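Read off the chains here:
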Amino acid sequence: MKSIKLIATALISVFIGSCSSQKETPEAIIENKVDSLLNLMTLEEKLGQMNQLSPYNLEELAKRIRKGEVGSILNVVNPEEINKIQEVALNESRLGIPILVARDVIHGYKTIFPIPLGQAATFNPEIAEQGARVAAIEASSDGIRWTFAPMIDVSRDPRWGRIAESCGEDPYLSAVIGAAMVKGYQGESLNAPTAIAACAKHFVAYGAAEGGRDYNSTFIPERVLRNVYLPPFKAAVDAGCATFMTSFNDNDGVPSTANSFVLKDVLRKEWKYDGMVVTDWASALEMINHGFCTDEKDAAEKSVNAGVDMEMVSETFIKHLKQSITDKKVAMETIDNAVRNILRLKYRLGLFDNPYVVTPQSVKYAEKHLQTARTAVEQSAILLKNANQTLPLTDKVKTLAVIGPMADAPYEQMGTWVFDGEKAHTQTPLMAIKQMYGNQVKVIFEKGLEYSRDKNTKGISRAVNAARQADAVVVFVGEESILSGEAHSLANLNLQGAQSLLIKELSATGKPVITVVMAGRQLAITKEVEASNAVLYSFHPGTMGGPAIADILFGKVNPSGKTPVTFPRISGQVPIYYAQHNTGRPANPTEMLIDDIPVEAGQTSIGCRSFYLDAGNSPLFPFGYGLSYTTFEYSSLTLSSEKLTTQDSLSVSFTLKNTGHYDGTEVVQLYIQDKTGSVTRPVKELKRFQRITLKAGESKQVSLSIPVSELAFWGYDMKFEVEPGDFRLWVGTNSSEGLTKDFSVSAL
Ligand code: NOJ
């Protein structure tokens, strides 16, 4: 066996030697290596490279690796085991091709960062990049070189549990944060030992699952696909994302794993992508359930013919594609291209040169990593309400009642997708308040409810007693981690269990009530917001949630997070998102709602507009919303020109002033509306944002520039272009307020 491998290696070297004088670029050298290795491979070995397993038994795995039947594995995280697996692959398989080891490292490996939705709430690509870098350093120290992240499915429906894992409802925000995560995972160079390949998922439209029910079908026409769902994926390609994953859903009847339009026409031909495409877990096989494939062989053929390179776990490729080649259902060229994409990735990762993990010194939970995670929570928490400056807590608060099922729930605050996070390392708000502020306030802790779904109200009276003895109450509510994430959809977005009652009873004490929500999605918390004096929303914050939230409550940190999703008033308003189309009969802000409608009102007496009689049309909180302990004023908006051509760039400047008494950070946001198009356009689209930090009283001239070419969209003729005409622009503190100006664009 070894001798064949040595001959193979020698042949590769000779081949490279003969070509290297003409093509010297690292990429060209890799292409040569890929081609020479491919030339040595049997069809069985090629199909083996296309096979990814989640092994249950390492002995069995070793046998299959020896036979060349495995290209990648997921879910092995023990570095000694990974090194043994690589030894078998390198020394005991005929060609010695290393194994690519994957894992779902979604928002941290050991040091858990806020869930991706929370990272998006920072509106800070730098913190998202740093978070992914920390995750890559920790995961690669155990031998993991490929993560299935970022998830950049535009998500406009909080019933869908996977909204937690997304960057929210906006294509531009998802593109910016997703691209930053790609850079963070992959680092400066993919072949550095701490780089892990990123995976843009789920390609595509998975976030549009009908009714928010996970895995459900989607019905997204090509124009919406291109204008809304594809841009974050294009940004991932531009950021150098090494891999893509197909999604579980069928869109307009075509399962993504067999969708050659997106996988070949868009990804490969239009975007010139040369990375690797993997299926989602058994999504090839599931095409039988979809009613799209007759059997396993059909599923394998439809997947590879559509442009899939590697199959995750369901093994239809390795079992059937040999026969498919004989039957001429699949061309050898198709298999070769898939294997090329896989080998290219292995070379890019430097796996042939450095297949083993060598990290004697543990980098997990490094102090720097914990501090970065803490900063991420500080920037991600969103202050939704702060009546009469309830927050920050002042020294008048001598006794603080800390209440609620999420106050001291180290596992739950880590959120979804934490295979490797450990609750023993999580710092909860209760721990942090006691530790960091225990000499400033007396803390009385009463859970009130055991867990977020708890309907047993017997602990509430103890919580109320605690509140009565205190000067202020902080109640931590939300969702346990199991309630969001994959397969965890909800039909009802209210707070679970008796949490709402708990807040109501605490509020009835007359003490100031500060509600802190830790959840995996935006919940419909209209009543709870009314019943609270202040509300802080922290999407599951991870390991360092406690200290960051404590510092916000006590004013050491001024909150600056903004909603990356629109908050509905009630579940039935969903889907609700800011970039909606106007309709022919948009609602007026003053619509008469259900309780004001007279009995026996005439059928048309309340107008015929587009809104819900019982909920109106406006959200509880719009996209981009978030308060600060200080206030910001926007003024003097000017545009470089109000008459532009398609070739110009628009410069927008304005003055931002911190008009309050605290230093603070504002996320300034620039939205644009294309007033009339060849197809109807969203009422607003986010085009730029920036975090600006100002001292109390300080002002700053802010300039944002945007090339007119970025106003292009896919119009009636399915061309991507800027349509000349009239536009409106806003700069402001969220998607529903701001200074505004009009401008026009003409063709050259
Ligand atoms: C299924 C999920 O949809 C996907 O996001 C994940 O990466 C794979 N399972 C692997 O665990």
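Residues numbered from 1 in each chain as written. Predicted model: local features only at pLDDT ≥ 70, side-chain atom pairs only at ≥ 80, totals over all residues. Heavy atoms only, no water.

> Hey, could you run me through the overall build of the chain in this one?
Looking only at helices and strands, the chain has 20 helices and 26 strands in total. A compact globule built from 748 residues would reach a C-alpha radius of gyration of about 27 Å, and the chain, at 27 Å, matches this within 12%. When the backbone C-alpha atoms are referred to their principal axes, the chain occupies close to 80 × 65 × 55 Å. Expressed as a percentage of the 748 residues in the chain, the buried residues total 61%. When contacts within the chain are restricted to residue pairs at least 6 apart in sequence, long-range pairs at least 24 apart make up 77% of them. Working note: accessible area of the chain is about 29,000 Å², and carbon and sulfur atoms make up 50% of it. Seen as two clouds, the 75 positive and the 84 negative side-chain charges of the chain have centres 2 Å apart. (Helix = DSSP H or I, 4+ residues; strand = E, 2+ residues; numbered from the N terminus. Rg over C-alpha atoms; globule rule 2.2 N^0.38 Å. Buried < 20%, exposed > 50% of the residue type's maximum accessible area, 1.4 Å probe, protein only. Contact = heavy atoms within 4.5 Å. Areas by Shrake-Rupley, 256 points an atom, 1.4 Å probe, with all protein chains shown as cover. Lys, Arg positive; Asp, Glu negative; His and termini not counted. Charge placed at Lys NZ, Arg CZ, Asp CG, Glu CD.)

> How should I be thinking about helix 20 (residues 545–553) in this particular structure?
Residue pairs three or four apart in sequence face the same way in an α-helix, which turns once every 3.6 residues. With respect to burial, helix 20 is a largely interior element, nine of its nine residues being buried. All of the buried residues along helix 20 are Gly545, Gly546, Pro547, Ala548, Ile549, Ala550, Asp551, Ile552 and Leu553. Just downstream of helix 20 lies glycine 555, where phi reads positive at about 85 degrees.

> Can you walk me through the packing of helix 7 (residues 125–140) against helix 8 (residues 171–186) in this structure?
When two helices pack together, their arrangement is captured by the angle between the axes and the distance separating the axes. It is the contact of helix 7 with helix 8, at a shortest axis distance of 7 Å, that shows an interaxial angle of 30 degrees. Every pair of crossing elements has a handedness; the one defined by helix 7 and helix 8 is right-handed. Contact residues: helix 7 offers Pro125, Ala128, Glu129, Ala132, Arg133, Ala135 and Ala136, while helix 8 offers Val176, Ile177, Ala180, Met181, Lys183, Gly184, Tyr185 and Gln186. Among the residues forming the contact of helix 7 with helix 8, the class breakdown is ten nonpolar, two polar and three charged. (Axes fitted to C-alpha atoms, helices over the stretch in contact; angles between N-to-C directions. Left-handed = near helix turned anticlockwise from the far one by under 90°. Nonpolar A, V, L, I, M, F, W, Y, C, P; charged D, E, K, R; others polar.)

> Which parts of the structure should I look at to understand the packing of aromatic side chains?
Tallying each qualifying case throughout the model produces 25 aromatic pairs. Seen from their ring centres, tyrosine 215 and phenylalanine 248 are 5.2 Å apart, and the 85 degrees between their planes marks the pair as edge-to-face. Linking tyrosine 215 in the loop between strand 5 (199–203) and helix 9 (222–229) with phenylalanine 248 in the loop between strand 6 (243–246) and strand 7 (250–251), this pair joins segments that are 33 residues apart in sequence. Counting every residue linked through ring pairs, the aromatic cluster contains Phe123, Tyr172, Tyr578, Phe623, Tyr671 and Phe689. We note lysine 302 situated over the ring of phenylalanine 292; from NZ or CZ to the ring centre the distance is 5.2 Å. Positioned above the aromatic ring of tyrosine 671, the side-chain terminus of lysine 684 is 5.9 Å from the ring centre. (Phe/Tyr/Trp six-rings, centres within 6.5 Å; stacked < 30°, edge-to-face > 60°. Lys NZ or Arg CZ within 6 Å of the ring centre and 35° of its normal.)

> Help me understand the sheet that holds strand 9 (residues 276–278) in this model?
Backbone-to-backbone hydrogen bonds pair the strands of a sheet. The strands run either parallel or antiparallel. Strand order across the open sheet formed by three strands is 5-6-9, with parallel pairing between neighbours. One side of each edge strand has no neighbouring strand; the edge strands of this open sheet are strand 5 and strand 9. Taken over all neighbouring pairs, the strand axes of this sheet differ in orientation by 25 degrees on average, direction set aside. Across the sheet, helix 10 (residues 231–238) touches strand 5 and strand 6, and the angle it forms with strand 5 is around 155 degrees. (Pairing = 2+ DSSP bridges.)

> Even after reading the chapter, I still don't get the nonpolar core, so can you show me in this structure?
Buried together is how nonpolar side chains tend to be arranged in soluble globular proteins. By size, the foremost hydrophobic cluster in this structure holds 113 residues, and its most contacted members are Met50, Trp146, Phe203, Phe244, Trp271, Leu321 and Ile335. With seven residues, the top contributor of residues to this core is helix 14 (residues 332–348). Ranked by size, the runner-up nonpolar core spans 40 residues in total, among them Ala401, Ile503, Leu506 and Val565. (Core = buried A, V, L, I, M, F, W, Y, C linked by side-chain atoms within 4.5 Å.)

> Sorry, what's going on with the site of the ligand here?
Around the ligand, the structure places 13 residues, and the nearest of them are Asp104, Arg162, Lys201, His202 and Asp280. Aspartate 104 places a polar side-chain atom, nitrogen or oxygen, 2.4 Å from an oxygen atom of the ligand. (Near = heavy atom within 4 Å. Polar contact = N/O pair within 3.5 Å; in protein donor to acceptor, adjacent residues only side chain to side chain.)

> For this particular structure, what's the right way to read the sheet that holds strand 2 (residues 72–74)?
Strand order in the open sheet formed by five strands is 4-3-2-1-10, with parallel pairing between adjacent strands. Looking at which strands have only one partner, the edges of the open sheet turn out to be strand 4 (146–147) and strand 10 (311–312). As defined by bridge partners, strand 1 (residues 51–53) adjoins strand 10 across two bridges and the pair is classed as parallel. Along strand 10, the bridge assignment pairs glutamine 52 with methionine 312.

> Is there a simple way to explain the environment of proline 410 in this structure?
Mapped onto the elements, proline 410 comes out in the loop between strand 12 (399–403) and helix 16 (429–437). Residue classification places proline 410 among the buried residues on the basis of a relative accessible area of 19%. Measuring from C-alpha to C-alpha, the distance between proline 410 and threonine 426 comes to 5.3 Å, with 16 residues separating the pair along the chain. Contacts of proline 410, omitting those with residues within four sequence positions, involve Lys423, Thr426 and Thr428.

> Help me out: how do you make sense of unusual backbone geometry in this one?
The bulk of non-glycine residues show a negative phi, and the bulk of peptide bonds are trans. The omega torsion of the bond from lysine 201 to histidine 202 falls at 0 degrees, within 30 degrees of zero and hence cis. Looking at the element boundaries, histidine 202 is found in strand 5. The omega torsion across phenylalanine 203 and valine 204 is 10 degrees, close enough to zero to call that bond cis. When you line up the elements, valine 204 lands in the loop between strand 5 and helix 9. Positive phi, close to 70 degrees, is recorded for tyrosine 215, a residue that is not glycine. Residue classification places tyrosine 215 among the partly exposed positions, given a relative accessible area of 35%.

> What's the story with the domain arrangement of the chain in this structure? I'm lost.
The accessible area lost on association of the parts is a frequent measure of interface size. The domains assigned to the chain are domain 1 (1–40), domain 2 (49–348), domain 3 (371–553) and domain 4 (632–746). Each of domain 3 and domain 4 was reduced to a C-alpha centroid, and the two centroids are 35 Å apart. (Domains from an automatic or database assignment.)

> Would you take a moment to explain the packing of helix 7 against helix 15 (residues 367–380) for this structure?
At their nearest, the axes of helix 7 and helix 15 sit 10 Å apart, and the two run at 150 degrees to each other. Between helix 7 and helix 15, the interaxial angle falls into the category roughly antiparallel. For helix 7 against helix 15, the interelement crossing comes out left-handed. Only His369, Thr372, Thr375, Ala376 and Gln379 of helix 15 make contact with helix 7, whose side of the interface consists of Ile127, Gln130, Val134, Ile137 and Glu138. (Parallel < 35°, antiparallel > 145°, perpendicular 65-115°, else oblique.)

> Explain the pattern of salt bridges to me, please; I cannot follow it from the model alone.
Side chains that differ in sign of charge can pair as their charged atoms come close. Counted according to the given criterion, the structure contains 42 salt bridges. Here arginine 521 makes a salt bridge to glutamate 479, at a shortest N to O gap of 2.5 Å. Residue arginine 521 is found in the loop between strand 15 (513–519) and helix 19 (526–531), and its partner glutamate 479 is found in the loop between strand 14 (472–478) and helix 18 (499–507); the two are separated by 42 residues along the sequence. Glutamate 479 matches arginine 521 in its accessibility class, with the two residues each being buried. Across the pair glutamate 666 and lysine 562 runs a salt bridge whose closest N-O atoms are separated by 3.1 Å. Here glutamate 666, found in strand 20 (residues 664–674), pairs with lysine 562, found in the loop between helix 20 and strand 17 (632–639); they are 104 residues apart in sequence, far enough to count as distant. (Salt bridge = Lys/Arg side-chain N within 4 Å of Asp/Glu carboxyl O.)

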